[in-house]
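In case you want the letters, here they are:
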Amino acid sequence: MPRRENPIDPDAGPVARFALGLRELREQAGHSYRDLAGIANYTHGVLAAAASGRKLPTWPVTRAFVLACAGDEEAWQRRWSAAKAEVDRAADLPPPVAEPPEEETDDPPEPSREVVGSVIDPRQVATPAEFMAALRELRVVTGNPSLRELSVRAGEAGHTLPVSTLHDVLKRDRLPNRDVVTAFVVACGVVEPKAWDAAWERLCDPVERDREEPYLTVLPGAGRWFLRPRLLRKLLPLSLMAVIGVVLLLVSATVVLPFSSVVSITGVVGGQLAALFDDDAVRTALMRHNLRVSVTVSDRPDTVANRDAADFVLVTGEAQANAISADRTAAGRYLYATQPLTTQLVLVAGRSYAVALADGTGERKVITRQRGNPYYDLDMANLLDLLDRAPTWADLGMADDRSPVVVSSPDACQSALGEAYLGLVAFVQAQFQPVADVRAADELASRMRPLVLSQGLQPVTTGAASASGRAPVSVLAENLFFAEQFQHRDDDLVLLYPRPAMPLPVSFLAQSPVGRQLGELVASEPAVRDRAVRLGYRVVSDPAAFTDAITRRGLSVPTLRAGISAVLPTLPNLDRLVTRVGDCG
């Protein structure tokens, strides 16, 4: 649904007044947040959050926002510094220093975890149990990082803090050794841990303080009973079998838990993307990194009720990804976004119907055969003009088929693929321009609605596009076509590549640090990348993997011609189009 900016009370403080100024600047420039994102090199969610009034944006984000709106950089830097000074005075913090432009980044800024001294005063604790309670509270007030993240932070600071040690230490009330305490408080962001060290010194038992590790008591031997021949004959075969079994388990990575802690990661994924993790090789590879993944599957991950509780969201298409990113950024929640995979919208047709479209449409060619392969380039403008005339297949030379020429598409109200196709049609109908505003969206929806509804909105699979099926031409994602061809090759089906193109990037949205770890593995772990290619996806960091997979199976590689790509309307306008055209409830 269309999203409106929340009203801001100008009397609410310096952050609110600053955000109102940014909104006025954007309105004067006449840009949407999505327009700004294309100019400022920040996501539209980050830019929308800057003007939300919830917190003061960083100077790099402010500078990018101002320059994208053709504002006065020096004047706005003075305004930003003044607002920052007011915020810091209210929090009793040192005066602000403008952040240097060279620290700009496309990623949403992560909250600082640096704590000078500590937000918890260890001088007030009187017993070891209170000391341990203070450590646990320190973790909570500094953002409640996961055990794995604390271990990583400690390592970055030059300390050793295994996850298994953390797990044992935090669940008991007995003092750990000094090194563990120091590593823990540093990992929580305490820059000066002397107070914690002094508290440990005060509370620790003198004998325990003199030793950093428990004593190992060596008892006198009981003789060489283990060398008795009868016992050796019984134990050696059993021992050998046990050693072989452990080695096999370790090599196959099916036993990790006894040696290190396994982290369970939850995710919300769209449709076919669930198959990425439903693979033994992928599960084994992730277990080598001590990760276990469980997912909730939905065609519309942006509408899943418990989405915010997941460690990651994996979704195809920019509309849903941008909506989720904007929501989390505006709320100040953790977000790390990447696009490791991609596919694109295509049309799939029975070969005889493709020939009819190529040869039976006169001078205004709808499709043209690609040179050297069996695929076709599809002129979307000519296709929409043909569909508007409502011919039958017999009119195009197929005498035995008097059914109307239609393109079957998924329902845009239910499917991200249907939404993308509707956006492609809108882009072409608007003379290759994104829809400018809600009024234009309403006018375009009125023109598009009869044509789109006459084509039929329904779920589509590759099987629905067979030459003898009910829908000779259907909308599909390229990866679904090739995944099916890898399993069961069908030379009667051909792909039509629209011009303008409609890319469908796969966005991995990490909503926690451990989610980010998985996101990096999706792009770098060979087993995950191989699985993605077998599912028909193109790997952004390794384009050759896709073409190699196709040629190994004796299929032709499609030619992706240079040219313009369709631009979806801004999110409110796309919502408006989908609602008006598809009668979404």
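Definitions and limits used
- Residues numbered from 1 in each chain as written.
- Predicted model: local features only at pLDDT ≥ 70, side-chain atom pairs only at ≥ 80, totals over all residues.
- Heavy atoms only, no water.
- Helix = DSSP H or I, 4+ residues; strand = E, 2+ residues; numbered from the N terminus.
- Buried < 20%, exposed > 50% of the residue type's maximum accessible area, 1.4 Å probe, protein only.
- Contact = heavy atoms within 4.5 Å.
- Areas by Shrake-Rupley, 256 points an atom, 1.4 Å probe, with all protein chains shown as cover.
- Phe/Tyr/Trp six-rings, centres within 6.5 Å; stacked < 30°, edge-to-face > 60°.
- Core = buried A, V, L, I, M, F, W, Y, C linked by side-chain atoms within 4.5 Å.
- Axes fitted to C-alpha atoms, helices over the stretch in contact; angles between N-to-C directions.
- Parallel < 35°, antiparallel > 145°, perpendicular 65-115°, else oblique.
- Left-handed = near helix turned anticlockwise from the far one by under 90°.
- Nonpolar A, V, L, I, M, F, W, Y, C, P; charged D, E, K, R; others polar.
- Arc of directions from axis to C-beta.
- Salt bridge = Lys/Arg side-chain N within 4 Å of Asp/Glu carboxyl O.
- pLDDT = per-residue confidence, 0-100.
- Polar contact = N/O pair within 3.5 Å; in protein donor to acceptor, adjacent residues only side chain to side chain.

S.K.: Describe the overall build of the chain, naming the residues involved and giving the relevant values.
M.R.: Counting secondary structure elements, the chain contains 23 helices and ten strands. Within the chain, buried positions represent 46% of all 585 residues. Restricting to contacts in the chain with at least 6 residues of sequence separation, those with at least 24 account for 71%. Carbon together with sulfur atoms contributes 53% to the accessible area of the chain, which is approximately 29700 Å² in total.

S.K.: Describe the packing of aromatic side chains, naming the residues involved and giving the relevant values.
M.R.: Counted according to the given criterion, the structure contains 13 aromatic pairs. Both rings, one in Tyr375 and one in Phe482, keep their centres 6.3 Å apart while their planes meet at 70°; by these two values the pair is edge-to-face. In this pair, Tyr375 sits in the loop between strand S5 (367-369) and strand S6 (376-379) while Phe482 sits in helix H19 (residues 478-487), placing the two residues 107 residues apart along the sequence. In this structure Tyr375 comes out as buried when scored by relative accessible area, which is 5%. Relative accessible area serves as the criterion here: at 0%, Phe482 is assigned to the buried category.

S.K.: Got a sec to walk through the nonpolar core? Specific residues and values, please.
M.R.: Considering soluble globular proteins, one finds that nonpolar side chains tend to be buried as a cluster. Core analysis: the largest hydrophobic core is formed by 54 residues, its most contacted members being Leu345, Leu347, Ile367, Met380, Trp393, Met448 and Leu496. The greatest single-element share of this core, amounting to nine residues, is contributed by helix H17 (residues 416-429). Dropping the residues within four chain positions of it, Leu347 is found in contact with Leu378, Leu383, Val407, Val473, Ser474, Val475, Val494, Leu495, Leu496 and Pro498.

S.K.: So what's going on with the packing of helix H20 (residues 513-524) against helix H21 (residues 526-534)? Which residues, and what values?
M.R.: Packing of H20 against H21 brings their axes to within 6 Å, and their N-to-C directions diverge by 65°. Here H21 runs roughly perpendicular to H20, going by the angle between their axes. When the axes of H20 and H21 are compared, the crossing they make is right-handed. When H20 is examined against H21, the residues Leu521, Val522, Ala523 and Ser524 are found in contact with a partner set consisting of Pro526, Val528 and Arg529. For the contact of H20 with H21, the residue count by class is five nonpolar, one polar and one charged.

S.K.: Give me the lowdown on helix H8 (residues 163-170), citing residues and values where you can.
M.R.: Listing the buried residues of H8 in full gives Val163, Leu166, Val169 and Leu170. The buried residues of H8 occupy an angular sector of 130° when the element is viewed end-on, so they sit on one face.

S.K.: Break down the environment of Ala310 for me, citing the residues and quoting the values.
M.R.: Its place among the elements puts Ala310 in the loop between strand S2 (291-298) and strand S3 (312-316). Exposure remark for Ala310: the relative accessible area of 7% places this residue in the buried category. C-alpha of Ala310 to C-alpha of Gly515: the two residues are 205 residues apart in sequence and 8.6 Å apart in space. Those residues in contact with Ala310 that lie beyond four places of it in its chain are Thr266, Gly267, Val268 and Gln511.

S.K.: Can you explain the pattern of salt bridges? Please cite residues and give values.
M.R.: Tallied over the entire structure, the rule returns 22 salt bridges. Of the charged contacts in the structure, one is a salt bridge between Arg538 and Glu478, with a shortest N-O distance of 2.8 Å. In this pair, Arg538 sits in strand S10 (residues 538-539) while Glu478 sits in helix H19, placing the two residues 60 residues apart along the sequence. As far as burial versus exposure is concerned, Arg538 and Glu478 are alike and both buried. With a closest N to O distance of 2.9 Å, Asp491 and Arg489 form a salt bridge. One salt-bridge network, held together by shared partners, links Arg307, Asp308, Arg328 and Arg333.

S.K.: How would you explain the confidence of the model for the chain if you had to name every residue and give the values?
M.R.: Residues shown with low pLDDT carry predicted positions that ought not to be read at fine detail. Residue-level pLDDT values for the chain average 78, and 79% of them are 70 or greater. Between residues 93-119, whose pLDDT stays under 50, and residues either more than four places distant or in other chains, the model counts 52 contacts. Overall, residues 251-259 carries pLDDT values under 50, and its contacts beyond four positions in sequence, including any with other chains, amount to 13 contacts.

S.K.: Kindly report on the side chain of Ser512, identifying the contributing residues and their values.
M.R.: Looking at the element boundaries, Ser512 is found in the loop between strand S9 (503-510) and H20. At a separation of 2.9 Å, a polar atom in the side chain of Ser512 contacts the side chain of Asp311. If sequence neighbours within four positions are ignored, Ser512 has contacts with Asp311 and Tyr334.

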